[in-house]
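# Geometric and topological summary
If you want the building blocks of each chain, they are given just below.
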Amino acid sequence: MSFQERIRQKKGKEKIIMLTAYDFQMARILARTGIDLILVGDSLAMVVQGRSDTKSVTMSDMIYHIKAAARGAENTPIIGDLPRDSCNSVEDGLRNAKLFIKAGAHGVKIEGKKAEVIKALASGGIPVMGHIGMLPQTAESYHVKGKKPEEAEQILQDARALDRLGVFSMVLECIPEDLAKMITETVDVPTIGIGAGKYCDGQVLVTNDMLGFDDDFKPKYVKVYANFNKATKDAVSKFIEEVFEGKFPDDEHTYH
Ligand code: KIV
């Protein structure tokens, strides 16, 4: 059975877990936890590159990180995030999706309702994950989408359209829980929420966010499960102290 079929079959039965990884070590750790999918997201713009948004990520940035993550992902399928402007035409979409697959991805994620591209990729055998709601690649500012009735209706229509176009799942980003519930009950494919409440078929977070790497970034939808910022600072302070005091390297860590 293909990975996308396995994901589809979980709908309504078992929650789907997806997390981001951009490098070998994190992909390997995540793979060994048994999560369903690893997303090489264009969030690497903020997490790895220190940019303020995802708008300037390039295909070569993405391919570099897909290759690195693929070396660690073992048997966990990797989804590569097609960056802004990489799939504005069917030709571009097909070419760039194939480059992702060659780099080690098993499927691609496409932000927004790029109907012709999604249809061409899905019917050409490339697994496509949709992404609707708040769309960081084009958003002017990051805030919840779908609070106004007409906006909610549009997002619901987009979800239905993606379902018909052949996506194997779709990310719902930063929309009210009721709307995410309605979409989840309406579409045939699994919904994977980020800031979309508990009724989605699965959940995704940026791994660095849920591990607490960035003290300054704590949006409402992120639950911080560990404090790697503090753990790293504490470990480095201890290292500095021990080097200064002549306690490191000790005999155990020295060649004779
Ligand atoms: O780039 C990313 O990490 C994403 C997730 C937030 C879904 O698109």
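Note that the structure is a prediction, hence the values are computed from the model and not measured.

Conventions and cut-offs
Residues numbered from 1 in each chain as written. Predicted model: local features only at pLDDT ≥ 70, side-chain atom pairs only at ≥ 80, totals over all residues. Heavy atoms only, no water. Helix = DSSP H or I, 4+ residues; strand = E, 2+ residues; numbered from the N terminus. Buried < 20%, exposed > 50% of the residue type's maximum accessible area, 1.4 Å probe, protein only. Lys, Arg positive; Asp, Glu negative; His and termini not counted. Salt bridge = Lys/Arg side-chain N within 4 Å of Asp/Glu carboxyl O. Polar contact = N/O pair within 3.5 Å; in protein donor to acceptor, adjacent residues only side chain to side chain. Contact = heavy atoms within 4.5 Å. Pairing = 2+ DSSP bridges. Axes fitted to C-alpha atoms, helices over the stretch in contact; angles between N-to-C directions. Domains from an automatic or database assignment. Arc of directions from axis to C-beta. Phe/Tyr/Trp six-rings, centres within 6.5 Å; stacked < 30°, edge-to-face > 60°. Lys NZ or Arg CZ within 6 Å of the ring centre and 35° of its normal. Core = buried A, V, L, I, M, F, W, Y, C linked by side-chain atoms within 4.5 Å. Near = heavy atom within 4 Å. Areas by Shrake-Rupley, 256 points an atom, 1.4 Å probe, with all protein chains shown as cover. Parallel < 35°, antiparallel > 145°, perpendicular 65-115°, else oblique. Left-handed = near helix turned anticlockwise from the far one by under 90°. Nonpolar A, V, L, I, M, F, W, Y, C, P; charged D, E, K, R; others polar.

## Some words on the side chain of Glu173
Tracing the chain through its elements places Glu173 in strand S6 (residues 169-173). Put simply, Glu173 is tucked away with no salt bridge, and the nearest opposite charge, on Lys109, sits 6.0 Å away. Among the polar contacts made by the side chain of Glu173, one reaches the side chain of His131 at a distance of 2.8 Å. In this view, Glu173 contacts His131, Ile132, Gly133, Met134, Pro136 and Ile194; residues no more than four positions away in its chain are not counted.

## Quick notes on the sheet that holds strand S2 (residues 37-40)
Pairing is parallel in the closed barrel, where eight strands are placed in the order S1-S2-S3-S4-S5-S6-S7-S8. Each strand axis lies, on average, 25 degrees off the axis of its neighbour in the sheet, ignoring direction. Against the sheet, helix H7 (residues 149-165) engages strand S5 (128-133) and S6, with an angle of about 175 degrees to S5.

## Some points on the domain arrangement of the protein chain
We note that the domain assignment places domain 1 (3-225) and domain 2 (228-256) within the protein chain. If you average the C-alpha positions of domain 1 and of domain 2, the two centres end up 39 Å apart.

## Looking at helix H6 (residues 115-123)
Every buried residue belonging to H6 is among Val117, Ile118, Ala120 and Leu121, and all of these are buried. Seen along its axis, H6 keeps its buried residues to an arc of 165 degrees; they face one direction.

## Some remarks on the packing of aromatic side chains
Within this structure, the stated rule accounts for three aromatic pairs. Between Phe3 and Phe168, the ring centres sit 5.4 Å apart and the planes meet at 80 degrees, which makes this aromatic pair edge-to-face. Linking Phe3 in helix H1 (residues 3-9) with Phe168 in the loop between H7 and S6, this pair joins segments that are 165 residues apart in sequence. An identical accessibility class is assigned to Phe3 and Phe168; each is buried. Above the ring of Tyr199, the side-chain terminus of Lys181 is found at 5.3 Å from the ring centroid.

## Re the nonpolar core
Core analysis: the biggest nonpolar cluster contains 68 residues, and Met170 and Ile183 have the highest contact counts within it. The element best represented in this core is H7, accounting for six residues. Ignoring any residue separated from it by four or fewer positions in sequence, one finds Ile183 in contact with Ile155, Leu156, Ala159, Met170, Leu172, Ile175 and Thr191.

## With respect to the pairing of strand S3 (residues 78-81)
Each regular strand displays side chains that alternate between the two surfaces of the sheet. Judged by which residues are buried, S3 turns out to be covered on both faces: Ile78 and Gly80 on one side and Ile79 and Asp81 on the other are all buried. Relative to S3, S2 runs parallel, the two being bridged by three bridges. Bridge pairing links Ile38 to Ile78 in S3. Bridging between S3 and strand S4 (residues 107-111) involves three bridges; their strand directions are parallel. Pairing of Ile79 across the sheet is with Gly107, part of S4.

## Quick word on the environment of Glu245
Within the element layout of this structure, Glu245 appears in the segment after helix H10 (228-244). As for Glu245 and Tyr22, which are separated by 223 residues in sequence, their C-alpha atoms are 37 Å apart.

## Structural notes on the site of the ligand
Around the ligand, the structure places Thr20, Leu39, Gly41, Asp42, Ser43, Asp81, Lys109, His131, Ile194 and Val206. The side chain of Asp42 places a nitrogen or oxygen atom 3.1 Å from an oxygen atom of the ligand. A distance of 2.6 Å separates an oxygen atom of the ligand from a polar side-chain atom of Ser43. Protein contact buries 94% of the 260 Å² of open area that the ligand shows by itself.

## Focus on the packing of H7 against helix H8 (residues 177-186)
Where H7 meets H8, the closest approach of the two axes is 10 Å, and the angle between their N-to-C directions is 25 degrees. Between H7 and H8, the angle is such that the two are roughly parallel. Crossing geometry of H7 relative to H8 is assigned as right-handed. Along the contact surface, H7 presents Ala152, Ile155, Leu156, Ala159 and Arg160, while H8 presents Leu179, Met182, Ile183 and Thr186. Of the residues that constitute the contact of H7 with H8, the class distribution is seven nonpolar, one polar and one charged.

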